[in-house]
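# A structural walkthrough
Each chain, letter by letter, is given below.
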Amino acid sequence: MEEAAQGAINLNNSGLSILEISHRSADFTAIIQEAEQLVRELLGVSDDYAVLFLSGGASSQFFMVPMNLLGEGDMAAYLDTGSWSSKAIKEAKLFGKVEVLASSKPDNYNYIPKEFAIPTNAKYLHLTSNNTIYGTQYQWWPETNIPLISDMSSDIFSRPIDVQKFGLIYAGAQKNMGPAGVTLVIVRKDLIGKSGRTLPSMLDYQTHIEGESLYNTPPVFPIYVSMLTLRWIKKMGGLAAVKKINEDKAKLLYDEIDANPLFKGTAAIDDRSRMNVTFVMPEQDLEKSFLKACEEAGCVELKGHRSVGGFRASIYNAMPLEGIQTLVNVMRDYAEKHD
Ligand SMILES: *Cc1c(COP(=O)(O)O)cnc(C)c1O
C-alpha cells in the first residue's frame with residue numbers, strides 16, 4: 001500500500017505520478033512488462049499463451065469467452081458450482097449451445113460434482129475453480145482433451161496451477177492480485193480467431209494480443225499495484241510457498257470449526273475452499289452476538305452471503321496467519337463463555 005501510494009505521488013523519483021504519465025511512456029511500459037513477466041514466472045506460463053490485462057471484470061469474460069471461442073452451432077460444456085458459474089452459463093447461451101454437465105445447485109452448491117461425462121464434441125469445458133460465496137474449491141481438474149477454461153477470480157495466485165491443462169484462465173484482480181479494475185486473461189493463442197464471428201475490436205482477444213494489452217488505455221493504476229503484489233508473492237518464495245501458508249491458515253480455522261460444537265462448516269470436507277471459509281452456528285440465535293464478539297476483536301466482514309447465511313471468512317493471500325488465530329481465539333472464548 002505504501003509503495004502504491006508512493007507511486008501515486010512520485011513514481012520512480014520521476015517527479016510524476018503513475019496517475020499522470022502516458023500509458024505509452026517508458027515508465028509504464030516497464031511496469032506492464034514486469035507484470036506480465038511475473039505472471040509468466042509465478043504460474044509457469046509458456047509462450048503458447050498470451051497474458052492480457054483487460055478491463056470489464058471477470059463478468060465480462062463470461063461473454064468474451066463464448067463470443068471468441070464458440071462458433072454458431074458450436075457447443076460448450078459447463079460445470080455449475082455456484083452463482084458465478086451460473087452467470088457464466090447464462091452469458092454463454094447467448095453465443096452457442098451449452099451443456100451443463102453437472103450442478104450442485106439442489107444442495108445449495110455445498111460441494112463440487114465429481115461424476116460427469118465430458119462430451120467430446122464440446123469446444124471447451126468451463127469451471128469456476130473457487131466458489132467464493134459457497135466456500136468450495138476444486139482440488140483436482142477434470143481429465144479431458146478439450147480445453148479447460150476456468151474463472152479463477154477468487155483463487156488465482158493462491159497455489160501453483162498447471163497452466164498447460166487450460167485453454168484459458170481469467171480472473172478479476174480484486175481478490176488476490178490487486179485492486180478492482182483489471183482482469184487477468186491467460187489464453188492459449190491457437191484457440192483464437194476460429195469462431196467465424198466478426199467481433200467488435202475491444203471484445204476480440206486478438207486485438208489485445210496484437211496490442212499487448214495497450215490497444216486502448218489500460219487500467220494503469222490497478223496494473224501497477226498488481227505488479228507490486230506479484231513482486232511480493234515472488235519475494236515470499238512463489239506459489240509453492242504461498243500455497244503452504246494458505247493451507248496452514250485454512251487448517252487452523254477448519255480445525256476449530258470441526259472441534260468447536262458451536263460451529264459447523266457448510267462445504268463438503270473434500271471440497272473445502274482455502275480462500276473462503278463458510279460456516280454456520282447450529283444455534284442460530286447466537287449468530288448476532290458472535291458476530292459482535294468478532295467485531296470487538298477486530299475481525300470484520302465475516303457475515304456470510306445471504307444465500308448461505310452464517311459466516312464467511314475470506315482469507316485471501318493478504319490475510320496473515322495471525323488474523324486467523326485472532327478469529328479462532330474469539331471462537332474459543334465465545335464457546336467457553338457460552339457453557
Ligand atoms: C468476484 C468474482 C467474480 C466477479 O468479478 P468481477 O470482476 O466483479 O466481474 C467472478 N467470479 C468469481 C469466482 C468471483 O469470485
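To be clear, the structure that these remarks concern was listed above.
Residues numbered from 1 in each chain as written. Predicted model: local features only at pLDDT ≥ 70, side-chain atom pairs only at ≥ 80, totals over all residues. Heavy atoms only, no water.

Take the sheet that holds strand β9 (residues 183-188) next. Backbone-to-backbone hydrogen bonds join strands into a sheet, with any given pair of strands oriented parallel or antiparallel. With respect to topology, seven strands assemble into an open sheet ordered β1-β9-β8-β7-β4-β2-β3, the strand pairing being mixed. Two strands close off the open sheet at either side, each with one partner strand: β1 (49-54) and β3 (97-103). If you compare each strand with its neighbour and ignore which way they point, the axes differ by 20° on average. Sheet topology note: the strand β4 (residues 125-128)/strand β7 (residues 148-151) ladder contains four bridges and is parallel. Its bridge partner lying in β7, T128 is registered against D151. Against the sheet, helix α4 (residues 83-92) contacts β2 (75-80), β3, β4, β7 and β8 (166-172), and its axis sits at roughly 160° relative to β2. (Pairing = 2+ DSSP bridges. Helix = DSSP H or I, 4+ residues; strand = E, 2+ residues; numbered from the N terminus. Axes fitted to C-alpha atoms, helices over the stretch in contact; angles between N-to-C directions. Contact = heavy atoms within 4.5 Å.)

Time to look at the site of the ligand. Near the ligand, the surroundings consist of 13 residues, among which S59, T132, D151, Q174 and K175 are the closest. Interatomic distance of 2.6 Å between a side-chain N/O atom of D151 and a nitrogen atom of the ligand. In the environment of the ligand, an oxygen atom lies 2.8 Å from a nitrogen or oxygen atom belonging to the side chain of K175. When residues of the shell around the ligand are assigned to their parent elements, the largest contribution, four residues, is made by helix α3 (residues 57-69). Looking at the shell around the ligand, its residues break down into three nonpolar, eight polar and two charged. (Near = heavy atom within 4 Å. Polar contact = N/O pair within 3.5 Å; in protein donor to acceptor, adjacent residues only side chain to side chain. Nonpolar A, V, L, I, M, F, W, Y, C, P; charged D, E, K, R; others polar.)

Summed over all chains, the structure comprises 17 salt bridges. Across the pair E72 and R197 runs a salt bridge whose closest N-O atoms are separated by 3.7 Å. With E72 in the loop between α3 and β2 and R197 in the loop between β9 and α5 (205-210), this pair connects stretches of sequence that are 125 residues apart. Of the charged contacts in the structure, one is a salt bridge between D162 and K165, with a shortest N-O distance of 3.8 Å. One salt-bridge network, in which partners are shared between bridges, spans E3, E34 and R231. (Salt bridge = Lys/Arg side-chain N within 4 Å of Asp/Glu carboxyl O.)

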